[in-house]
Structures are given as C-alpha cells and as structure tokens.
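Architecture at a glance
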Amino acid sequence: MAEKIDLLPNPTEYPRKLLNLAVAMWFMVTTIGQWAFGIYILAFYGTSTVSGDFNRWNEVLPHGYVTGDWTGNLVVGIHVLLAAILVFGGPLQLLPSLRKLAPGAHRWLGRIYTTTAVIVATGGFVMVWTRGAVGDRGQHVSISIQTIYIIVFALLAWRHARARQFDKHRKWATRLFMVVSGVWFFRIGLMCWLVLNGGPAGFDPRTFSGPFLTTLAVFVYALPVSLLLLELYFYAQKAVKSVVITAVALLIFMVTALMAVGVFGAVAGMWLPRIG
Ligand code: HEM
C-alpha cells in the first residue's frame with residue numbers, strides 16, 4: 001500500500017517546478033539589473049572620486065558636491081561608493097550554492113553587507129534631511145521609513161544568524177535584501193513606467209514630483225510591495241494547494257517581466273548615457 005501511494009504523482013510537483021522557475025528568472029533579472037547598477041556606480045562615482053573630479057557628482061545629484069562642506073561631501077561619497085558593496089554583494093548572498101560551497105565567505109560577506117546596509121541607509125537619511133534631495137516631502141518621508149526597515153531587518157538577520165536559527169535568519173536576511181534593494185526597485189519601477197508610457201506621465205519631470213512618484217515611493221519604500229511578494233513566496237513554498245502555488249508563480253513571472261523592462265530602461269536610458 002505504501003509503495004502504491006509513493007507511486008502516485010504528487011499534485012504539487014509541477015506547480016512547484018513552475019514556482020522554482022519563476023524565482024530563478026526573478027533572481028536572474030535582479031542580479032543582472034543590480035550588477036548593472038553596480039557597474040554604473042563604479043564607473044561614474046568611482047572614477048570621478050579617484051580622479052578628484054567631485055564636481056561630476058553634480059551632473060546627477062542636485063546636492064552632490066558642495067564646495068567647502070567636507071562633512072556633507074564625505075557622507076555623500078561614502079553613501080554612493082559603499083552602495084556598490086550592497087548591489088554586488090546582495091545577489092551573491094542569496095545564492096544557495098555560495099552558502100553551501102563557501103560558508104565562511106557567506107558569513108564574512110554577510111557581516112560586511114549588514115554593516116554596510118546600516119551605514120548607507122543612515123547616510124542616506126542624513127543626506128535627505130540635511131542637504132535635501134530630489135522629489136517632494138512624501139518621497140522623503142517614504143525613503144526615511146525604509147531606513148528604519150533596513151536597520152531593524154539587519155539587526156534581526158544578524159541576531160538569528162548568531163543564534164544559529166537559520167530558517168529565521170534566511171527569512172530576515174531576504175527581507176533585508178528586499179528593503180536594501182528599494183532604491184534599485186524605485187529606479188527600475190520608474191524606468192519601466194517611462195518605457196511603457198513612452199515618456200513621463202503622472203509626474204512633473206522638472207520638479208520630480210507628482211502622483212505617480214508619490215505612489216511609487218510609498219509602495220517601494222514605506223509599504224514595500226516587494227516584502228508582500230516575498231511573504232507570498234514563503235507561503236507558497238509551504239502551501240499544499242496547487243492553485244495557490246501556481247498563482248504565486250504566475251505573479252512572480254509577471255513582476256519579473258515588468259522588472260526586465262525596467263532594467264532595460266534603466267541601463268539604456270539612465271546608467272549607460274551617464275558613463276558613456
Ligand atoms: C540601502 C541601499 C541604498 C543604496 C544602494 C543607495 C544608492 C544610492 C546611489 C547609487 C545614489 C546616487 C544616485 C544615482 O547616481 O542615481 C544615491 C543617492 C542618494 N541616496 Fe541612496 N542608496 C540607498 C539607500 C538610501 C536611503 C535609505 C536613503 C534615504 C533615507 C538614501 C538617500 C539618498 C539621497 C538623498 C541621494 C542623493 C540623491 C538626491 O540628491 O536626490 N539612499 N543612493
């Protein structure tokens with residue numbers, strides 16, 4: 001009898017394969033997009049900083065380099081340069097093969113990643129409220145809320161790793177990755193919108209404000225949709241109903257397709273022209 005039951009096809013086998021495929025595609029698009037952002041950071045901020053041409057920062061940032069304000073300039077420099085560690089290191093940390101093959105490297109990169117995330121997010125918070133940033137108050141408040149998520153999730157990921165509670169650690173570390181990726185989601189979300197609309201819609205590109213940008217900031221930073229999707233994925237991993245697993249897989253495919261459009265838009269319309 002037991003053998004007969006074992007031979008019965010598992011009804012969730014194909015939905016699970018679909019879910020794994022959707023997540024693999026999502027991870028591929030995310031890695032390509034984040035590393036493209038990293039290459040831009042190194043090529044633009046890395047080269048201008050190393051060559052001492054700090055004024056180039058102002059081609060992109062309205063308050064990038066301010067003559068005489070050494071503290072503020074240092075905060076901006078640290079923020080943008082350390083950001084490269086996050087966008088290159090984040091996808092590596094999620095790779096199960098790296099965790100298995102080189103657990104020591106995973107632990108070290110994890111320590112560097114969480115510390116860097118807290119420094120970059122705190123620096124960003126200081127920049128928003130002392131130097132000003134593009135966008136309006138709603139966007140500034142939203143991204144500031146993300147600083148809190150980043151600090152709290154970094155602490156929780158680290159604490160569970162120390163306590164060797166690896167299932168909880170994996171979940172908090174992945175949540176941390178999602179909120180640290182907020183600024184990247186914002187950029188590719190905006191670029192996807194611009195590609196689909198054939199130009200700016202729902203906001204004023206001169207003031208960088210308007211309903212579309214406020215909505216994007218709220219759902220990327222303050223109430224991150226990325227966290228909601230992640231929780232759906234965690235739920236689907238344990239779900240027993242094929243329809244639930246399939247629905248989550250299809251949702252991840254759809255989001256991945258939109259992200260791919262956004263990555264294309266960001267590379268072609270934002271990052272390449274700045275370093276080209
Ligand atoms: C933790 C992940 C973060 C990364 C990877 C990151 C990365 C970056 C990068 C690369 C830039 C340069 C902009 C460009 O060239 O497109 C930048 C600018 C900036 N970031 Fe962040 N950032 C992060 C988090 C934050 C947070 C949490 C805040 C605010 C609370 C923040 C505030 C800013 C501000 C104000 C600027 C200058 C842009 C402007 O003047 O409008 N960042 N960031």
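Before going into details, it helps to say that this report is about the structure given with it. (Residues numbered from 1 in each chain as written. Predicted model: local features only at pLDDT ≥ 70, side-chain atom pairs only at ≥ 80, totals over all residues. Heavy atoms only, no water.)

Donor atoms from the protein around the iron atom of the ligand number only one, His79 (NE2), found at 2.1 Å. Its location among the elements puts histidine 79 in helix H3 (residues 70-94). (Donors = N, O, S within 2.8 Å, 3.2 Å for Na, K, Ca; no water. Helix = DSSP H or I, 4+ residues; strand = E, 2+ residues; numbered from the N terminus.)

Near the ligand you find 26 residues, and of these Tyr40, Tyr45, His79, Val134 and Thr147 are the closest. In this structure, an oxygen atom belonging to the ligand sits 2.8 Å away from a main-chain N or O atom of valine 134. For the ligand, an oxygen atom lies 3.3 Å from a polar atom in the side chain of arginine 274. When residues of the shell around the ligand are traced back to their parent elements, those giving at least two are helix H2 (13-50), H3, helix H5 (103-130), helix H6 (137-162) and helix H8 (182-197). Residue contributions to the shell around the ligand peak at six residues, all from H5. When its residues are assigned to classes, the shell around the ligand shows 21 nonpolar, three polar and two charged. (Near = heavy atom within 4 Å. Polar contact = N/O pair within 3.5 Å; in protein donor to acceptor, adjacent residues only side chain to side chain. Nonpolar A, V, L, I, M, F, W, Y, C, P; charged D, E, K, R; others polar.)

Helix length check: helix H11 (residues 242-275), at 34 residues, gives a terminal C-alpha distance of 47 Å against a target of 50 Å (1.5 Å per residue), a fit within 8%. Taken as a whole, H11 has its buried residues at Ile245, Val248, Ala249, Ile252, Thr256, Met259, Gly262, Val263, Gly265, Ala266, Met270 and Trp271. On its buried face, H11 sits against H2, H8 and helix H10 (225-238). (Expected span 1.5 Å × (residues − 1). Buried < 20%, exposed > 50% of the residue type's maximum accessible area, 1.4 Å probe, protein only. Contact = heavy atoms within 4.5 Å.)

Further remarks concern the packing of H5 against helix H7 (residues 166-180). At a minimum axis distance of 12 Å, the contact between H5 and H7 shows a crossing angle of 45 degrees. One element, H5, and the other, H7, form an angle in the oblique class. Two packed elements cross with a definite hand, and for H5 against H7 that hand is left-handed. Along the contact surface, H5 presents His106, Tyr113, Thr114 and Ala117, while H7 presents His169, Leu176, Phe177 and Val180. Taken together, the residues that form the contact of H5 with H7 break down as five nonpolar, three polar and no charged. (Axes fitted to C-alpha atoms, helices over the stretch in contact; angles between N-to-C directions. Parallel < 35°, antiparallel > 145°, perpendicular 65-115°, else oblique. Left-handed = near helix turned anticlockwise from the far one by under 90°.)

Right, let's talk about the side chain of threonine 174 for a bit. Note that threonine 174 resides in helix H7. What makes threonine 174 buried here is its relative accessible area of 15%. There is a polar contact of 2.5 Å between the side chain of threonine 174 and the backbone oxygen of arginine 170. Setting aside chain neighbours within four positions, we find threonine 174 in contact with Leu94, Leu230 and Phe234.

Next up on the list: the packing of aromatic side chains. Under the counting rule described, the total for this entry stands at 17 aromatic pairs. When the centroid spacing of 6.2 Å and the interplanar angle of 40 degrees are considered together, the rings of tyrosine 233 and phenylalanine 234 count as tilted. For phenylalanine 234, a relative accessible area of 7% translates into the label buried. Three or more aromatic residues joined by ring pairs form one cluster here, namely Phe37, Tyr40, Phe44, Tyr45 and Trp271. Residue placement shows lysine 171 over the ring face of phenylalanine 234; its charged tip is 5.2 Å from the ring centre. Over the aromatic face of tryptophan 172 sits the side chain of arginine 175, whose NZ or CZ is 4.3 Å from the ring centroid. (Phe/Tyr/Trp six-rings, centres within 6.5 Å; stacked < 30°, edge-to-face > 60°. Lys NZ or Arg CZ within 6 Å of the ring centre and 35° of its normal.)

Interpretation in functional terms is not warranted from these geometric data alone.
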